[in-house]
Amino acid sequence: MTNKNKKISSILEKYKSSFSKDDLSSLENLLSDDLQSKKSYSLFTDGACEFDDDYKPVNAGIGGLLKIDNKIIFSFSENIGIKTNNEAEYLALMKGIEICVERNFLNISIFLDSELVVKQINGDYKVKNDRMSILHKKTHELLSNLKSWKVIHILRDKNIEADELSKEGLSK
């Protein structure tokens with residue numbers, strides 16, 4: 001807690017009997033939102049896909065988790081039906097961002113092991129596929145709800161937890 005926030009908390013404590021329960025609750029929420037918005041969180045996402053013998057997608061799963069200081073804040077894992085691996089990567093990223101926005105985690109470093117998706121999101125690669133273009137646009141719309149973000153490529157061995165969650169999604 002910053003010095004400023006400690007002082008505000010001290011004043012609230014001193015005068016809390018002067019506030020209604022609703023007002024006090026609102027003030028405490030505003031203070032905690034302010035503290036939360038200054039923290040930077042790490043979102044890890046991944047998509048998984050199963051294929052038939054002809055290498056056509058037959059099942060896909062997504063997974064992800066949000067961390068701060070190596071502590072998991074939330075995680076998700078779900079089945080998304082028949083999607084390509086790249087679609088699963090985008091859908092996992094979108095799901096992670098949606099949850100962050102819903103829970104007011106707005107300063108995020110995002111880590112993916114899909115170099116293609118990272119480079120498309122960061123504008124290094126063009127999006128040529130129509131289905132991917134739609135997902136790319138929706139992802140940027142979701143990112144616009146964040147105060148700050150960056151998308152970073154990591155190697156698969158640094159994304160093991162999200163990878164396991166996406167594989168769990170395959171069986172749901």
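Our subject is the structure that appears above.
What you see is a predicted model; the values in this text were computed from it and never measured.

Undergrad: Report on the packing of aromatic side chains, specifying residues and quantitative values.
TA: Under the definition given, this model contains four aromatic pairs. Seen in terms of ring centroids, Phe51 and Tyr55 are 4.1 Å apart; in terms of plane orientation they differ by 15 degrees. Their pairing is stacked. Judged by its relative accessible area of 60%, Tyr55 falls in the exposed class. Residues Phe74 and Phe105 carry aromatic rings whose centres are separated by 6.4 Å and whose planes lie at 35 degrees to one another, so their mutual orientation is tilted. Residue Phe74 is found in strand β3 (residues 71-81), and its partner Phe105 is found in the loop between α3 (85-102) and β4 (107-112); the two are separated by 31 residues along the sequence.

Undergrad: I'd like a description of the sheet that holds strand β5 (residues 148-153), backed by residues and values.
TA: Pairing in this open sheet of five strands is mixed, and the strands run β3-β2-β1-β4-β5 from one edge to the other. The open sheet has two free edges, formed respectively by β3 and β5, since each of these has just one partner strand. Ignoring strand direction, the axes of neighbouring strands in this sheet form an average angle of 20 degrees.

Undergrad: I'd like a description of the environment of Glu161, backed by residues and values.
TA: By the element assignment, Glu161 lies in helix α6 (residues 160-170). Linking Glu161 and Leu65, residues 96 residues apart in sequence, is a C-alpha distance of 7.8 Å. Excluding anything up to four places from it in sequence, Glu161 contacts Leu65, Lys67 and Ile72. A distance of 2.6 Å separates polar atoms of two side chains, one belonging to Glu161 and the other to Lys67.

Undergrad: I'd like a rundown of helix α5 (residues 130-143), residues and numbers included.
TA: Its 14 residues give α5 an end-to-end C-alpha distance of 20 Å, which sits within 8% of 20 Å, the value for a rise of 1.5 Å per residue. For α5, the complete set of buried residues consists of Met132, Leu135, His136, Thr139, Leu142 and Leu143. Each buried residue of α5 sits inside an arc of 125 degrees when the element is viewed along its axis, so together they form one side. For α5, the exposed residues lying more than 90 degrees away from the buried face are Asp130 and Lys137. Two or three places before Arg131, at the opening of α5, Asn129 has a side-chain oxygen 2.8 Å from that residue's backbone nitrogen.

Undergrad: Tell me about the pattern of salt bridges, and please be specific about residues and values.
TA: Applying the stated criterion across every chain, the model contains five salt bridges. In this structure, Arg131 and Glu87 form a salt bridge, with 2.7 Å as the shortest nitrogen-oxygen distance. Here Arg131 is found in helix α5, whereas its partner Glu87 is found in helix α3, with 44 residues between them in sequence. What makes Glu87 buried here is its relative accessible area of 8%. The shortest N-O distance in the salt bridge between Arg156 and Asp113 comes to 4.0 Å. Separated by 43 residues along the polypeptide, Arg156 in the loop between β5 and α6 and Asp113 in the loop between β4 and α4 (115-121) bring together distant segments of the chain. Here Asp113 falls in the buried class, since its relative accessible area comes to 11%.

About the criteria used
- Residues numbered from 1 in each chain as written.
- Predicted model: local features only at pLDDT ≥ 70, side-chain atom pairs only at ≥ 80, totals over all residues.
- Heavy atoms only, no water.
- Phe/Tyr/Trp six-rings, centres within 6.5 Å; stacked < 30°, edge-to-face > 60°.
- Buried < 20%, exposed > 50% of the residue type's maximum accessible area, 1.4 Å probe, protein only.
- Helix = DSSP H or I, 4+ residues; strand = E, 2+ residues; numbered from the N terminus.
- Pairing = 2+ DSSP bridges.
- Axes fitted to C-alpha atoms, helices over the stretch in contact; angles between N-to-C directions.
- Contact = heavy atoms within 4.5 Å.
- Polar contact = N/O pair within 3.5 Å; in protein donor to acceptor, adjacent residues only side chain to side chain.
- Expected span 1.5 Å × (residues − 1).
- Arc of directions from axis to C-beta.
- Salt bridge = Lys/Arg side-chain N within 4 Å of Asp/Glu carboxyl O.

Scope: geometric values only; no functional claims are made or implied.
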